[in-house]
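This is what each chain is made of:
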Amino acid sequence: MAARVSSLRRPAAPTSRTQLAIALLMLAALAPLPTLGLEIYWQGVVITSLYYAMLATNWNLLAGYTGLFSLAPAGFAMLGAYVTALLWTYAGVSPLIGIPSGAIVCAVVGLIIGILTLRLSGPYLALTTLALAEILRVIALNSFDITRGEIGLEVPALFSHQSSYYYMFIVAVGCLLIGLHWLLGKPCGLYLRAIRNDETGARARGVRTVFWKVFAFTISSGFCGLAGALFAHYVIIVSPSIGHLLVTGLVMSMVVLGGMGTLLGPLVGALLVNVSSEYLRAAGDYQHIVFPIIVIVFARFCREGLVGRIAMMFNARAGVNAARGSRTTEVLASS
Amino acid sequence: MSDLIVVEDLTKRFGSLVAVDGVSFTIGEGELVGFLGPNGSGKTTVLNMMSGLLRPDAGRISLSGANVGGMTADRIARAGMIRMFQLTRIYPEMTVIENLLTAGFALGLDKRQATERADELLADLKILAYREAFASDLSGGQQKLLEFACCFMKAPKIALLDEPFAAIHPTMRQTLADYVRGTNAAGQAYILVSHDMPIVIDLCPRAICLAAGSVLADGPTDEVLREPAVIEAYLGPNHS
Ligand SMILES: Nc1ncnc2c1ncn2[C@@H]1O[C@H](COP(=O)(O)OP(=O)(O)OP(=O)(O)O)[C@@H](O)[C@H]1O
Ligand SMILES: [Mg+2]
């Protein structure tokens, strides 16, 4: 009876209507702010937060739900951004085609990397994605004739008003979360979580683990590419800094803070980290110290993150006592 | 009786250790076979190879006449050979019902079929009260029952059970044994690895005894247990 009983901590709900509802309410609450006089500068901060929320949500699909550790969310965002930028610069292709192309190229690259590495378990994905992200960034940096290196490529704006981007990112994050909630409610959601919980057990009970891991990685890569391509036409200049590894680190800290493996966590984490880093910036360049410390503290003392911790508090109040009660009787009976 | 499982010359080495050394046996439809042998005799390793989790160094395994040698573990499971682990492998951060549904969906059941079957199993194994609990909150024994139930979401051709009775309470053990006996009477085939002699004698008409990676004896359980070589393997050479 000793096995595994140690883990009495209640895992957080991976998704629920409540979490989706709260996320959509948060987005709905953000929506009217520009008309209520939110400054352009702060609109920009929210837009960037929502862009990070897209990356964080996609990284969470891998790390939080499937147990895959990718180091390339920023790398894929940069790839998606460059696809639309290069198409525009060298073929005059409209962003309306360039943006989905960025997503598709990233999905295809994700599919290939997934097929090559996800048959193996272990650190291969982390190492391969790390290499990929850095190689892509170095290529973008050094192919000056094509990418203009650090200076970057100019791309056309989609809208003339900042607030239009603001609404676009709200809609994008909303759609992403609705889609993810839908996906997690399908058998696929169970398979992904089963893989994270016990991949060998899942395989032995018939789950096509390789297929579903590749599937998750492909989707996640594609949507990171989409986020990057959308962001490209907001910042209007596509440079290698989009793909910097520090961005991936920031995205990871958002997920850890908000709650790994919860639907709402990445959005909460992205807003908290990005908005508060604006304040930290005012106080000096402390953000590079503060966020790693927060991540370490959360990883040690609050592994379920903010959303996870709150969900646990609600779970703990509901319906657990029944199970706990009969467990006590069983222990008594056998002693 | 037609052959459900044919294992020929199965061999596995770990470095210089020959964990399984030319094991052969056949199992017919609907048979319930006990797998005996001292610790480290290779029982789990044989099961690992049969379920596709470990690649044999040599030998063949077939299920209903089809070679399962090069198949992935998940394909073997979907082909109807499913196994339960000696050290429980459930999904701790998922609820009991989610654990069962995952197994059901993976084997091709739809939502209604899977839910009905899961509730039926939970009732049969007397853990229905834990339906919505997280698997990590079950006791060790209850976790074993859950993993056991996962194997039967869709009746397999054969279930390979590795020590299902170890470390579980006598009443639960009885519940499990009753389930095995009942389903076997209805034609379910099993390989049952166990150190629990009374249960093996009670449940299994036939037993295979492994020692140091080889089949020491294979036949009716009472005869296998009377074999001097088996007694020696279990109790040591100086036993008289
Ligand atoms: N992955 C491995 N690497 C190295 N050696 C292994 C591995 N798995 C098993 N062995 C060795 O192979 C031998 C057979 O192990 P196995 O687990 O099959 O025994 P068993 O009959 O199931 O024993 P038990 O009754 O204790 O469960 C042991 O000597 C063990 O140390
Ligand atoms: Mg064993």
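Computed from a predicted model, the values in this text were never measured in an experiment.

Each value, and the rule that gives it
Residues numbered from 1 in each chain as written. Chains lettered and ligands numbered in written order. Predicted model: local features only at pLDDT ≥ 70, side-chain atom pairs only at ≥ 80, totals over all residues. Heavy atoms only, no water. Pairing = 2+ DSSP bridges. Helix = DSSP H or I, 4+ residues; strand = E, 2+ residues; numbered from the N terminus. Donors = N, O, S within 2.8 Å, 3.2 Å for Na, K, Ca; no water. Buried < 20%, exposed > 50% of the residue type's maximum accessible area, 1.4 Å probe, protein only. pLDDT = per-residue confidence, 0-100. Contact = heavy atoms within 4.5 Å. Axes fitted to C-alpha atoms, helices over the stretch in contact; angles between N-to-C directions. Parallel < 35°, antiparallel > 145°, perpendicular 65-115°, else oblique. Left-handed = near helix turned anticlockwise from the far one by under 90°. Nonpolar A, V, L, I, M, F, W, Y, C, P; charged D, E, K, R; others polar. Core = buried A, V, L, I, M, F, W, Y, C linked by side-chain atoms within 4.5 Å.

**Considerations on the pairing of strand β2 (residues 17–28) of chain B**
Residue and element names in this part refer to chain B.
In step 1: Alignment of strand β1 (residues 3–14) against β2, held across nine bridges, turns out to be antiparallel. Its bridge partner being in β2, Ile5 is matched across the sheet by Ile27.
In step 2: The turn linking β1 back onto β2 is made up of two residues, and Gly15 within it adopts a positive phi angle of 60°.

**Here we look at the coordination of the magnesium ion (ligand 2)**
Residue and element names in this part refer to chain B.
In step 1: Protein-derived coordination of the magnesium ion (ligand 2) comes from Thr44 (OG1) and Gln86 (OE1), at a distance range of 1.9 to 2.2 Å. Here the residue Thr44 occupies a position in helix α1 (residues 43–50), and Gln86 occupies one in the loop between β6 (81–84) and α3 (96–106), the gap between them amounting to 42 residues.
In step 2: Among the residues examined, Thr44 registers a relative accessible area of 24% and is labelled partly exposed.

**A few points about the confidence of the model for chain A**
Residues and elements named next belong to chain A.
In step 1: Looking at chain A, the pLDDT average stands at 86 and 89% of residues meet or exceed 70.
In step 2: Segment residues 1–9 is flagged for pLDDT under 50; beyond a separation of four residues in sequence, or across chains, it makes 25 contacts in the model.
In step 3: This stretch, residues 319–335, has a pLDDT under 50; its non-local contacts, to residues over four places away or in other chains, come to 21 contacts.

**A short note on the packing of α3(B) against helix α5 (residues 140–150) of chain B**
All names here are of chain B.
In step 1: With their axes 9 Å apart at the nearest point, α3 and α5 run at an angle of 25° to one another. Between α3 and α5, the angle is such that the two are roughly parallel. Where α3 crosses over α5, the two elements pack in a sense that is right-handed. Of the residues in α5, those in contact with Val96, Asn99, Leu100 and Ala103 of α3 are Leu146, Ala149 and Cys150.
In step 2: The class makeup of the residues in the contact of α3 with α5 is six nonpolar, one polar and no charged.

**Considerations on the nonpolar core**
In step 1: A:Leu50, A:Tyr51, A:Phe169, A:Leu267, B:Leu100 and B:Phe148 are the most contacted members of the largest nonpolar core, which totals 147 residues.
In step 2: It is helix α2 (residues 40–66) of chain A that provides the largest number of residues to this core, a total of 14 residues.
In step 3: Those residues in contact with B:Phe148, other than ones at most four positions away along the chain, are B:Met84, B:Leu125, B:Leu161, B:Leu176, B:Tyr179 and B:Val180.

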